[in-house]
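In case you want the letters, here they are:
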Amino acid sequence: MLTNLTFGFIGGGNLATALIGGLIARGVPRASIRVADPYAPARERLAQEQGVKAVAEPDAELAASDVIVMAVKPQQFREAAAQLLPQLQTAGGRALVISVAAGIRLQDMQRWLGGHARVVRSMPNTPALTGKGMTGLTAPAGLSAEDRAVATAVAEAVGQCLWFDGDAQMDAVTAMSGSGPAYVFYVLEAMEKAAVELGLTAAQGRQLAVETFRGAAALAAQSSEPVSTLRERVTSKGGTTHAALTVLEQAGVGDAFVRAVHAAAARGAEMGEEFGRQG
């Protein structure tokens with residue numbers, strides 16, 4: 001499906017680079033990918049490492065792409081859309097536009113792109129850099145099945161994806177998987193610190209923690225049982241795991257994590273409101 005399409009990227013940062021690499025790995029010709037980024041070192045890196053054409057700003061050729069990925073920061077989205085819009089209209093406005101910017105709502109995307117109907121809001125996460133990303137997607141109700149299939153294939157170039165119903169659910173997706181890697185890194189940091197305090201080296205602590213996360217996640221992924229059941233199987237009454245979990249429960253760590261995810265979701269909704277008022 002992807003190999004016969006052309007792709008334009010607005011923004012050439014890490015996430016764009018991951019998506020470009022994923023597309024190339026799935027057979028998309030390098031000549032079919034064009035990137036616009038105002039930062040010269042980013043353009044040079046993309047040309048050297050990915051072998052794709054990189055330009056300073058959106059041009060007619062990029063706007064004529066079958067798929068355009070808006071890979072800019074949320075606060076830059078409106079300006080980037082304003083730059084793209086004239087070129088998009090000149091090209092006939094036929095592109096499927098996919099946003100990877102947190103907090104940018106579908107209605108605002110469409111408004112800033114002159115009422116463009118073929119839009120998808122997506123929220124990948126940083127493990128996309130290793131091909132293990134998790135992406136949430138949503139789109140206007142009228143988006144065709146073909147466009148949804150293309151957006152799915154783009155997301156799957158860097159991992160797995162799920163479709164959701166509207167912007168409100170995407171705020172939850174952003175809080176769960178978009179911000180989620182930071183929660184994992186936060187726990188890894190704490191485990192590494194504990195390892196050092198217990199007489200291990202930082203390198204030993206990191207390997208023990210990372211591989212434990214990797215293995216536990218793989219076990220949860222292949223099991224149909226609730227994660228609570230998997231946790232209980234590791235926890236013998238009066239044993240070491242029980243001692244550790246008792247401390248976590250007494251400190252309210254579980255409830256704190258739930259509140260943290262709620263806070264991230266609320267901030268995502270606030271960002272949508274803030275950016276949506278820009279014009």
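Residue indices begin from 1 for each chain and proceed along its sequence in written order. In keeping with the model being predicted, local features are shown solely for residues with a pLDDT of at least 70 and side-chain atom pairs are shown and tallied solely at 80 or more, while totals for entire chains, interfaces and linings include all residues. Hydrogens are left out, water is left out, and the side-chain values use all remaining heavy atoms of the structure.

Right, let's talk about the UniProt feature "domain: Pyrroline-5-carboxylate reductase dimerisation" (unreviewed entry) in the chain for a bit. Look at the UniProt record and you will see "domain: Pyrroline-5-carboxylate reductase dimerisation" (unreviewed entry) annotated at residues 168–271. Here a strand is any run of E in DSSP of at least two residues, a helix any run of H or I of at least four, and the numbering for each starts at the N terminus. Taken as a whole, residues 168–271 contains 85% helix and 0% strand, while its terminal C-alpha atoms sit 12 Å from one another. UniProt positions are given in the numbering used here, feature names are shortened, and annotations may be inferred rather than shown by experiment.

Only protein chains enter the accessibility calculation, which uses a 1.4 Å probe. A residue is then buried if its area is under 20% of the maximum for its type, exposed if over 50%, and partly exposed in between. Of all the six residues making up strand β7 (residues 133–138), five are buried; the element is thus mostly covered by neighbouring parts of the structure. Across three bridges, strand β6 (residues 119–123) lies against β7 in antiparallel orientation. Bridge assignment links M123 to a residue of β7, and that residue is G136. With strands facing away from the observer, any crossover in which the path from the first strand over the helix to the second runs clockwise is taken as right-handed. Regarding topology, helix α6 (residues 145–156) serves as the crossover connection from β7 to the parallel strand β8 (residues 159–163), and that connection is right-handed. Between any two strands, at least two bridges found by DSSP are needed for them to pair.

What follows deals with the sheet that holds strand β2 (residues 33–36). Spatial strand order, β3-β2-β1-β4-β5-β6-β7-β8: eight strands in an open sheet with mixed pairing. Strand pairing shows two members of the sheet lacking a second neighbour, β3 (53–55) and β8, which therefore form its edges. In this sheet, neighbouring strand axes are inclined to one another by 25° on average, regardless of whether the strands run parallel or antiparallel. One ladder, built from four bridges, connects strand β1 (residues 7–10) with strand β4 (residues 67–70); its direction is parallel. Residue pairing in the sheet places I10 in a bridge with M70 of β4. The contact definition used throughout considers only heavy atoms, calling two residues in contact when any of these lie within 4.5 Å. Note on geometry: axes are lines fitted to C-alpha atoms, helical ones only across the stretch in contact, with angles between N-to-C directions running from 0 to 180 degrees. Together, β1, β2 and β4 form the strand contacts of helix α1 (residues 14–25), whose direction differs from that of β1 by roughly 170°. Packing against the sheet, helix α7 (residues 166–178) makes contact with β6 and β7, and its axis sits at approximately 30° to β6.

Along the polypeptide, R43 turns up in helix α2 (residues 40–50). In this structure the C-alpha to C-alpha distance between R43 and A91, which are 48 residues apart in sequence, comes to 23 Å. Whenever a nitrogen or oxygen atom comes within 3.5 Å of another N or O atom, the pair is scored as a polar contact, on the condition that within protein one atom can donate a hydrogen and the other can accept it, and that pairs from neighbouring residues in sequence are kept only if both atoms are in side chains. Separated by 2.8 Å, the side chain of R43 and the backbone oxygen of D37 make a polar contact.

The next subject is the packing of aromatic side chains. Any two rings among Phe, Tyr and Trp, with Trp reduced to its six-membered ring, count as a pair given centres within 6.5 Å; such a pair is stacked if its planes are under 30 degrees apart, edge-to-face if over 60, and tilted if neither. Per the counting criterion, the structure on display carries two aromatic pairs. Aromatic side chains F77 and W112 sit 6.0 Å apart centroid to centroid with 45° between the ring planes, which places their arrangement in the tilted category. Of the two residues, F77 is situated in helix α4 (residues 77–90) and W112 in helix α5 (residues 106–112); the sequence distance between them amounts to 35 residues. This pair shows no difference in class: F77 is buried, exactly as W112 is. Geometrically, the ring pair formed by Y183 and F257 is edge-to-face, given 6.4 Å between the ring centres and 75° between the ring planes.

Looking now at the side chain of S99. Mapped onto the elements of the fold, S99 is located in strand β5 (residues 96–99). Apart from residues lying up to four places away in sequence, S99 is in contact with M70, F77, M109, V120, R121 and S122.

What counts as a salt bridge is simple: a side-chain nitrogen of Lys or Arg found within 4 Å of a carboxyl oxygen of Asp or Glu. For the structure on display, the rule yields 13 salt bridges. Here E274 and R267 are joined by a salt bridge, their closest N and O atoms 2.8 Å apart. A relative accessible area of 33% means that E274 is categorised as partly exposed. Each of R105, D108, R111 and E273 takes part in salt bridges that share partners, so that together they form one network.

This next bit is on the environment of A81. In this structure, A81 sits in helix α4. Distance in space between the C-alpha atoms of A81 and M109 is 8.0 Å, their sequence separation being 28 residues. Apart from residues no more than four positions distant in its own chain, A81 is found in contact with M70, W112 and L113.

All domain edges in this entry derive from an automatic or database-based domain assignment. The domain boundaries assigned to the chain delineate domain 1 (2–165) and domain 2 (173–271). For domain 1 and domain 2, the distance between their C-alpha centres works out to 32 Å. For the pair domain 1 and domain 2, the summed buried surface comes to about 660 Å²; carbon and sulfur atoms form 70% of the total. Broken down residue by residue, the surface that domain 1 buries against domain 2 is led by G103, M123 and N125, which jointly contribute 48%. Our enumeration of links across domain 1 and domain 2 arrives at zero salt bridges. The interface formed by domain 1 and domain 2 includes one residue pair in polar contact (both at pLDDT 80 or more). Those elements that place two or more of their residues in the side of domain 1 that touches domain 2 are β6 and β7. Note on residue categories: nonpolar means Ala, Val, Leu, Ile, Met, Phe, Trp, Tyr, Cys or Pro, charged means Asp, Glu, Lys or Arg, and polar means any other residue, Gly included. Class assignment of the residues belonging to the side of domain 1 that touches domain 2 gives a composition of seven nonpolar, four polar and one charged. By convention, the term buried area covers the 1.4 Å-probe accessible surface removed from two parts as they join, with the contributions of both added.

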